[in-house]
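Breakdown of the fold
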Number of protein chains: 2
Amino acid sequence: MADTHLREIRQSRQEILKGSFLHAFRDTVTLPDGATTQREFIVHPGAVMVIPLLLDADGSVRVVLERQFRYPVDRVMVEFPAGKLDANEASLACAQRELMEETGYRATQWARAGVLHPVISYSTETIDIWFARGLTLGERKLDACEFLDVITAQPDELLQWCRDGRVTDAKTLTGVLWLQNFLSGAWPLDWQNAA
Amino acid sequence: MADTHLREIRQSRQEILKGSFLHAFRDTVTLPDGATTQREFIVHPGAVMVIPLLLDADGSVRVVLERQFRYPVDRVMVEFPAGKLDANEASLACAQRELMEETGYRATQWARAGVLHPVISYSTETIDIWFARGLTLGERKLDACEFLDVITAQPDELLQWCRDGRVTDAKTLTGVLWLQNFLSGAWPLDWQNAA
């Protein structure tokens, strides 16, 4: 992809914040017309999200969700399980770890749906999107400082929550786009057995 | 909503970055179990996204999209028109301004679909989701430092791009969830005439 009429080229980089969580840089860049500007952004290690499918006894599907207080938006959010990659951790290993730690579920089958960028204007973050099925429930192992409820919902119920504003988390809304099209048969997945 | 087993309470606040774009704080908070921790996050003025519907001569629908280089993710992204609220600007006024400035389109009818939170773990940002129809094309007025292509796509084509990874921007993927359910009739909208 050439796109030289759109691309910006880095001239120099300055670290502007090294917090315990946020790590930010200010780059000086050359614009397509040759002018110079600055871009400030967060550098993020990457993350994963899991869409866990439960098969009910009658054959109907439910999904596993979390209710978690999110301090920056000052409210309890309904979201799919998710978490940051540890150093050198593979995406699937992270998905399996986060699902187990946060919800107690382990899955026998996994499928990678794709990737999303939550905030392209000021963060490098990517979130890999995984589906999980063949779930069995064990003990969860929350991190210190982590408090969350695990709930389940039928897909129709979850869609209603997206429509009426009870779900506003963009990664979860993206997960629901995948869920709806997977369940309709429009977007089949390539399942693999867990190691 | 009580949720006292989940909520975190602010003890104190410290500004840790005042950039030209990024504004970050570190709050000391009390956790539900009484322990203390810190939360670092970006404070954002809020934004809007527009899903512009074009009616073709044969009655079929196309949507207006942008191709824009996004420096933090180092690639050209396909996205719905969007932008930040100016100080004291109302959401609809911002949606109308951003659509006109970035694409040149003005719309006769508008409908607010809902709101999304792009990054609940480290930003206060909200994005109001608007649909626009009755489009007429005029001159666009890009900001300095803004370079973008305006394209159109059929809904089925856009859905394919979401599935195959050509669209990975979370706000746009959320817009596609709304678009798909609006076009199917599942999520009707409440249209209002432009002032």
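Residues numbered from 1 in each chain as written. Chains lettered and ligands numbered in written order. Predicted model: local features only at pLDDT ≥ 70, side-chain atom pairs only at ≥ 80, totals over all residues.

Our next topic: the packing of helix 2 (residues 155-164) of chain A against helix 3 (residues 170-183) of chain A. All names here are of chain A. Between helix 2 and helix 3, the shortest axis-to-axis distance is 11 Å and the interhelical angle comes to 140°. It follows that helix 2 is oblique to helix 3 by the angle criterion. Relative to helix 3, helix 2 is oriented so that their crossing is left-handed. For the pair helix 2 and helix 3, the contacting residues are Pro155, Leu158, Leu159 and Cys162 in the first and Leu173, Val176, Leu179, Gln180 and Leu183 in the second. (Axes fitted to C-alpha atoms, helices over the stretch in contact; angles between N-to-C directions. Helix = DSSP H or I, 4+ residues; strand = E, 2+ residues; numbered from the N terminus. Parallel < 35°, antiparallel > 145°, perpendicular 65-115°, else oblique. Left-handed = near helix turned anticlockwise from the far one by under 90°. Contact = placed C-beta atoms within 7 Å.)

Our focus in this paragraph is the pairing of strand 3 (residues 36-42) of chain A. The two faces of the sheet receive side chains in turn, since in a regular strand these alternate between them. Residues and elements named next belong to chain A. Of the pairings in the sheet, the one linking strand 2 (residues 23-30) to strand 3 comprises seven bridges and is antiparallel in character. Bridge pairing in strand 3 places Arg26 opposite Glu40. As consecutive antiparallel partners, strand 2 and strand 3 are separated by five residues, and within that stretch Gly34 has a phi angle of approximately 95°, a positive value. (Pairing = 2+ DSSP bridges.)

Turning next to the relation of the copies chain B and chain A. Expressed as a screw transformation, the operator carrying chain B onto chain A has a rotation angle of 180° and an axial translation of 0.0 Å, and the superposed copies differ by an RMSD of 0.0 Å. In symmetry terms, the pair is related by a two-fold rotation axis. The overlap is high: 100% of the interface residues of chain B also sit at the interface in chain A, so the same surface is used on both sides. (Least-squares fit on C-alpha atoms with pLDDT ≥ 70 in both.)

Residues and elements named next belong to chain A. What the three strands build is an open sheet, ordered 1-2-3; its pairing is antiparallel. Strands at the two margins of the open sheet, each flanked by one partner only, are strand 1 (9-18) and strand 3. Sheet twist, expressed as the mean angle between neighbouring strand axes with direction ignored, is 20°. In terms of strand pairing, strand 1 meets strand 2 through eight bridges, oriented antiparallel. Along strand 2, the bridge assignment pairs Glu15 with Phe25.

So, about the interface of chain B and chain A. It is common to give the size of an interface as the accessible area that goes away when the parts come together. Contacts between the two partners involve 58 residues from chain B, matched on the other side by 58 residues from chain A. With six residues, the top contributor of residues to the side of chain B that touches chain A is helix 3 (residues 170-183) of chain B. In terms of residue class, the side of chain B that touches chain A is made up of 32 nonpolar, 14 polar and twelve charged. (Nonpolar A, V, L, I, M, F, W, Y, C, P; charged D, E, K, R; others polar.)

Turning to the domain arrangement of chain A, a few remarks are in order. For chain A, the assigned domains read domain 1 (9-42) and domain 2 (47-184). Between the C-alpha centres of domain 1 of chain A and domain 2 of chain A there is a distance of 31 Å. (Domains from an automatic or database assignment.)

Residues and elements named next belong to chain B. The strand order across the open sheet built from three strands is 1-2-3, with neighbouring strands paired in antiparallel fashion. At either end of the open sheet lies a strand with only one pairing partner, and these are strand 1 (9-18) and strand 3 (36-42). Averaged over all adjacent pairs, the angle separating strand axes in this sheet is 20°, with direction ignored.

Right, let's talk about the pairing of strand 8 (residues 105-116) of chain B for a bit. Where strand 8 of chain B and strand 9 (residues 127-137) of chain B come together, ten bridges link them in antiparallel fashion. Within strand 9 of chain B, the position partnered with Gly114 of chain B by the bridge is Ile129 of chain B.

Okay, unusual backbone geometry next. One non-glycine residue, Asp74 of chain A, lies in the positive phi region at around 55°. Positionally, Asp74 of chain A belongs in the loop between strand 5 (61-70) and strand 6 (75-79). Using a count of 11 C-beta atoms within 10 Å as the deciding quantity, one classes Asp74 of chain A as exposed. A positive phi is found at Asn88 of chain B, a non-glycine position, where the angle reads about 65°. Summarising the element assignment, Asn88 of chain B is placed in the loop between strand 7 (82-84) and helix 1 (91-103). (Buried ≥ 20, exposed ≤ 12 C-beta atoms within 10 Å, placed from the backbone.)

Our next topic: the environment of Arg62 of chain A. Residue and element names in this part refer to chain A. Mapped onto the elements, Arg62 comes out in strand 5. C-beta crowding within 10 Å serves as the criterion here: with 18 such atoms nearby, Arg62 is assigned to the partly exposed category. Once residues within four sequence positions are removed from consideration, Arg62 is found in contact with Leu54, Asp56, Thr152, Ala153 and Gln154.

Time to look at helix 1 (residues 91-103) of chain A. Residues and elements named next belong to chain A. Taking 1.5 Å of rise per residue, 13 residues should cover 18 Å, and helix 1 covers 18 Å from first to last C-alpha, within 8% of that figure. Within helix 1, the full set of buried residues consists of Cys94, Ala95, Gln96, Glu98, Leu99, Glu102 and Thr103. Along its buried surface, helix 1 packs onto strand 4 (47-55), strand 5, strand 7 (82-84), strand 8 (105-116), strand 9 (127-137) and strand 10 (148-153). Where helix 1 ends, the next residue or the one after it, Gly104, has phi of about 90°, a positive value. (Expected span 1.5 Å × (residues − 1).)

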